[in-house]
Amino acid sequence: MKVIDFLEKANSTLFSYEIIPPYRGGSIDKVFNLVEQLLPFEPPFIDLTSRSAEVYYEEDDEGEMVKHIRRKRPGTIGISAAIKNKFNIETVPHILCRGFTQQETEDALIELNYLGIDNVLIVRGDELRNDPPSSPGRTRNKYASDLVNQVKNMNSGVYLEALIESFPTNFCIGVGGYPEKHFEAVDMNSDLKLLKAKVDAGADYIVTQMFYDNKLYFKFVNDCRMAGINIPIIPGIKILSTEAHLKALPKYFYIDIPDALSSQVIGNSKQEIHKIGLEWTMNQVQELIEAKVPCVHFYIMSSAKSVIDVVSKFK
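None of these values were measured; they are calculated from a predicted model. (Residues numbered from 1 in each chain as written. Predicted model: local features only at pLDDT ≥ 70, side-chain atom pairs only at ≥ 80, totals over all residues. Heavy atoms only, no water.)

A. Structural detail: the overall build of the protein. Along the backbone of the protein there are eleven helices and ten strands. For the protein, with 315 residues in total, the buried portion stands at 53%. In the protein, of all internal contacts separated by at least 6 residues, the share reaching a separation of at least 24 is 76%. As displayed, the protein offers around 15000 Å² of accessible surface, 50% of which is attributable to carbon and sulfur atoms. (Helix = DSSP H or I, 4+ residues; strand = E, 2+ residues; numbered from the N terminus. Buried < 20%, exposed > 50% of the residue type's maximum accessible area, 1.4 Å probe, protein only. Contact = heavy atoms within 4.5 Å. Areas by Shrake-Rupley, 256 points an atom, 1.4 Å probe, with all protein chains shown as cover.)

Following this line, the structure appears as structure tokens:
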């Protein structure tokens, strides 16, 4: 089932989740355990991120975001299929522009189609993922809008070259949006134009970067509507759980932490900060539900406990 179908058929705000692949050489059991913890809350779909070979982020025991430069984690495609087949939950693998040719991307999308995965989220990829020079006959997607266009072409049965007995794919296409603008954008207007290009290319819905002030999300939605972007916009939420997040999240994700939140967190104990973060998120979620957002999307790094604490209050 497509993400857009879940959104259209829902009678109330949905809750979806985003998880990361296991370590290279690790076990998929950790991912399965996370999914099993979420099952009681009937997730309509679960996103699985795709990390480049050069860089990814994770939290240490103190909640500090740490940048690692290592070889890539296990394949997003295989894990997405494993989750869907084991738990009968729709998965949304993230598909990157950087580091892959159009031909490699087409092969990956064909494989996803074989596996019955109907949803993808298109992202450009980390800035440190440098593309090697293309060999003759190999081309690359420079922007996310280019990749959206490639997927949309495949949905129309148009492949990079003529294929024998080929059929159209049927992907639902998600893209990212930035209530506080993408860090590379000159200003919000230029960022909205780039987002509009992704929508015009064929995106079906938008998931936002995390934010801690709902006013930013509401303004972003309004600005999108004014710019002619009328597809669903899902707010992305990450629970602040340690004092280290006050520096790490703005540093790595280019967002602001409201003074009203940071002033409560600074100097407090781990237990108190955990409570503060949960209460702040619950208030955010409550306001978003009252505003009838289609879905709230939770970013999960390594543990689902805090997210479950929040979602259980609304389920």
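Having put the structure on the table, let's press on.
B. Broad picture of helix α10 (residues 270-290). Taking 1.5 Å per residue as the helical rise, α10 with its 21 residues ought to reach 30 Å, and the 30 Å between its terminal C-alpha atoms agrees with that figure. Among the residues of α10, those classed as buried are I273, I276, G277, L278, W280, T281, M282, Q284, V285 and L288. Where α10 is buried, its residues touch β1 (14-19), α7 (214-226), β9 (233-237), α9 (259-265), β10 (295-299) and α11 (305-311). (Expected span 1.5 Å × (residues − 1).)

C. The pairing of strand β7 (residues 172-177), seen in detail. Where burial is concerned, most of β7 is hidden: six out of the six residues are buried. Burial along β7 is two-sided: C172, G174 and G176 facing one way and I173, V175 and G177 facing the other are all buried. As paired elements, strand β6 (residues 119-123) and β7 share four bridges and run parallel to each other. Residue pairing for β7: I122 is matched across the bridge by V175. Between the parallel pair β7 and strand β8 (residues 205-210), the chain is carried across by helix α6 (residues 188-201), and the sense of this crossover is right-handed. (Pairing = 2+ DSSP bridges. Right-handed = clockwise from strand over helix to strand, strands pointing away.)

D. Looking closely at the nonpolar core. By size, the foremost hydrophobic cluster in this structure holds 64 residues, and its most contacted members are Y17, I19, I83, I122 and F298. Excluding residues within four positions of it along the chain, I122 makes contact with I95, A144, L147, V148, V151, I173, G174, V175 and G176. By size, the runner-up hydrophobic cluster in this structure holds 29 residues, among which are F6, L14, I257 and W280. (Core = buried A, V, L, I, M, F, W, Y, C linked by side-chain atoms within 4.5 Å.)

E. Summary view of the pattern of salt bridges. With the rule as written, the count across this model stands at six salt bridges. Two residues, E90 and K84, come together in a salt bridge whose shortest N-O distance is 3.3 Å. A salt bridge links E184 to R124; its shortest N-O distance comes to 2.8 Å. Here E184 is found in the loop between β7 and α6, whereas its partner R124 is found in the loop between β6 and α5 (144-155), with 60 residues between them in sequence. A residue is classified by how much of its surface remains accessible, and E184, at 41% relative accessible area, is partly exposed. (Salt bridge = Lys/Arg side-chain N within 4 Å of Asp/Glu carboxyl O.)

F. Molecular detail of the packing of aromatic side chains. As enumerated under the stated definition, the model contains eight aromatic pairs in all. When the ring of F15 is compared with that of F298, the centres are 5.8 Å apart and the planes differ by 50°; the resulting orientation is tilted. Remark: F298 occurs in strand β10 and F15 occurs in strand β1; sequence separation between them is 283 residues. The residues F15 and F298 share a single accessibility class, namely buried. In this structure an aromatic cluster arises from ring pairing among F15, Y17, F298 and F314. The ring of F32 carries the charged tip of K86 above its face, separated from the ring centre by 5.2 Å. (Phe/Tyr/Trp six-rings, centres within 6.5 Å; stacked < 30°, edge-to-face > 60°. Lys NZ or Arg CZ within 6 Å of the ring centre and 35° of its normal.)

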